[in-house]
Amino acid sequence: SFVPRHTACKMQSSEGVKMGIATSNKCPYCPNDVDFIEHFFFYCSKIKPVWKCVQDAFYGKFDKTIKLSKTDALLGIVENRNLSSSMVKYLNHLILIAKMSISKYRYGTPTVIQSIFEYNVALRNMWTFLNTKYCFCTLSLHAMWICNL
């Protein structure tokens, strides 16, 4: 199967080892952990803060607390949790942005993952929802520009 050259150069996951394009199946940030998809998108210590940002952004918009699971992070919200359709749509949008931010963090130049998430939310005209007193993501969009992201 076709694997883009830039992916082959950077992939350090169990799947990469299976395909013969990575030399280790260990997480580059958690050297004792195997980098399965669950670890890559949810359990990695460098990634976990982005899920707090998603939860905070959701709370800031709807004043409703939600706890995300590994399944939510991987598949999106697929079950009824007494959420309106607009809440589910918004939350799934945030989850997709978070997963894109994780990929940018892991395959790009690592920086603070919350900043990558905030920047990508801002690009999608959702910044006003994050910029509330309930959002605990500490870095601002201004800091993103200073970091040249």
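Throughout, residues of each chain are indexed from 1 in the direction in which the sequence is written. Local features are withheld for residues below a pLDDT of 70 in this predicted model, meaning they are given only at 70 or higher, and side-chain atom pairs are given and counted only at 80 or more; totals for whole chains, interfaces and linings count all residues. Just so you know, side-chain values use all the structure's heavy atoms and leave hydrogens and water out.

**Some thoughts on the overall build of the chain**
Argument step 1. Helix and strand counts for the chain come out as nine helices and zero strands.
Argument step 2. For helices the rule is a DSSP run of H or I covering at least 4 residues; for strands it is a run of E covering at least 2, with both sets numbered from the N terminus onward. Ordered by position from N to C terminus, the α and β elements of the chain give α-α-α-α-α-α-α-α-α.
Argument step 3. The buried label goes to any residue with under 20% of its type's maximum accessible area, the exposed label to any with over 50%, and the partly exposed label to all in between, with areas taken from a 1.4 Å probe on protein chains only. The buried share of the chain, taken over its 149 residues, is 38%.
Argument step 4. For the chain, long-range pairs separated by at least 24 residues make up 48% of all intrachain contacts whose partners lie at least 6 apart in sequence. Contacts between residues were defined by any pair of non-hydrogen atoms, one from each residue, lying within 4.5 Å.

**Thoughts on the packing of aromatic side chains**
Argument step 1. Between rings of Phe, Tyr and Trp, where Trp is taken as its six-membered ring, a pair exists when centres lie within 6.5 Å; planes separated by under 30 degrees are stacked, by over 60 edge-to-face, and by other angles tilted. Following the criterion strictly, the structure yields seven aromatic pairs and no others.
Argument step 2. Ring centres 6.3 Å apart and planes at 45° place the aromatic pair Phe42 and Trp51 in the tilted group. In this structure, Phe42 and Trp51 share a single accessibility class: buried.
Argument step 3. Taken together, the ring pairs in this structure connect Phe40, Phe41 and Tyr107 into an aromatic cluster.
Argument step 4. Two conditions define a charge sitting above a ring: the NZ of Lys or the CZ of Arg must be within 6 Å of the ring centre, and it must be within 35 degrees of the ring normal. Over the aromatic face of Phe42 sits the side chain of Lys48, whose NZ or CZ is 4.8 Å from the ring centroid.
Argument step 5. In this structure, Lys61 packs its charged tip against the face of Tyr90, placed 5.5 Å from the ring centre.

**Comments concerning the confidence of the model for the chain**
Argument step 1. Confidence scores here are pLDDT values: one per residue, from the predictor, ranging 0 to 100. Across the chain, pLDDT averages 76, with 68% of residues at or above 70.
Argument step 2. The element-level mean pLDDT for the chain is lowest in helix 1 (residues 5-10), coming to 40, with helix 4 (residues 48-62) highest at 94.
Argument step 3. Between residues 1-14, whose pLDDT stays under 50, and residues either more than four places distant or in other chains, the model counts 24 contacts.
Argument step 4. For the stretch residues 138-149, pLDDT sits under 50, and the model shows 17 contacts to residues farther than four places along the chain or on other chains.

**Regarding the nonpolar core**
For soluble globular proteins, the rule of thumb is that nonpolar side chains tend to be buried together.
Argument step 1. Judged by nonpolar contacts, the single largest core of 31 residues is most densely connected at Ile47, Val50, Trp51, Val54, Leu91, Ile102 and Phe117.
Argument step 2. Broken down by secondary-structure element, the contributors of at least two residues to this core are helix 3 (37-43), helix 4, helix 6 (85-107) and helix 7 (113-123).
Argument step 3. The greatest single-element share of this core, amounting to nine residues, is contributed by helix 6. Think of a nonpolar core as a cluster: buried Ala, Val, Leu, Ile, Met, Phe, Trp, Tyr and Cys residues, connected wherever their side-chain atoms sit within 4.5 Å.

**A closer look at the state of the cysteines**
Argument step 1. The disulfide criterion is simple: two cysteine sulfur atoms within 2.5 Å. Evaluated as defined, the whole model comprises zero disulfides.
Argument step 2. In this structure Cys27 is not part of a disulfide, and its nearest cysteine sulfur, from Cys44, lies 3.8 Å away.
Argument step 3. The class for Cys27 is buried, based on a relative accessible area of 2%.
Argument step 4. With no disulfide partner, Cys30 has as its closest neighbouring cysteine sulfur the one in Cys44, 3.8 Å distant.

**Here's the deal with the side chain of Asp72**
Argument step 1. Positionally, Asp72 belongs in helix 5 (residues 70-75).
Argument step 2. The class for Asp72 is buried, based on a relative accessible area of 4%.
Argument step 3. If we ignore the near neighbours within four places in the chain, the residues touching Asp72 are Lys67, Ile77, Arg81 and Ile95.

**A look at the packing of helix 4 against helix 6**
Argument step 1. Where helix 4 meets helix 6, the axes come as close as 10 Å, and the angle between the chain directions of the two elements is 155°. Between helix 4 and helix 6, the interaxial angle falls into the category roughly antiparallel. Here the hand of the crossing between helix 4 and helix 6 comes out right-handed. Facing Val50, Trp51, Val54, Ala57, Phe58, Lys61 and Phe62 of helix 4, the residues of helix 6 in contact are Ser86, Met87, Tyr90, Leu91, Leu94, Ile95, Ala98, Lys99 and Ile102.
Argument step 2. Grouping the amino acids of the contact of helix 4 with helix 6 by side-chain chemistry returns 13 nonpolar, one polar and two charged. Lines fitted to the C-alpha atoms define the axes, with helices restricted to the stretch that makes contact. Angles between their N-to-C directions range from 0 to 180 degrees. Working rule for angles: under 35 degrees goes down as roughly parallel, over 145 as roughly antiparallel, 65 to 115 as roughly perpendicular, anything else as oblique. If you view the pair so one helix is near and one far, a crossing is left-handed when the near helix is turned anticlockwise from the far one by less than a right angle, and right-handed when it is turned clockwise. For this classification, the nonpolar set comprises Ala, Val, Leu, Ile, Met, Phe, Trp, Tyr, Cys and Pro, the charged set comprises Asp, Glu, Lys and Arg, and every other residue, Gly included, is treated as polar.

**Details of helix 7**
Argument step 1. For helix 7, the buried fraction is high: nine of the eleven residues fall into the buried class.
Argument step 2. Within helix 7 the residues assigned to the buried category are Ile113, Ser115, Ile116, Phe117, Glu118, Tyr119, Asn120, Val121 and Ala122.

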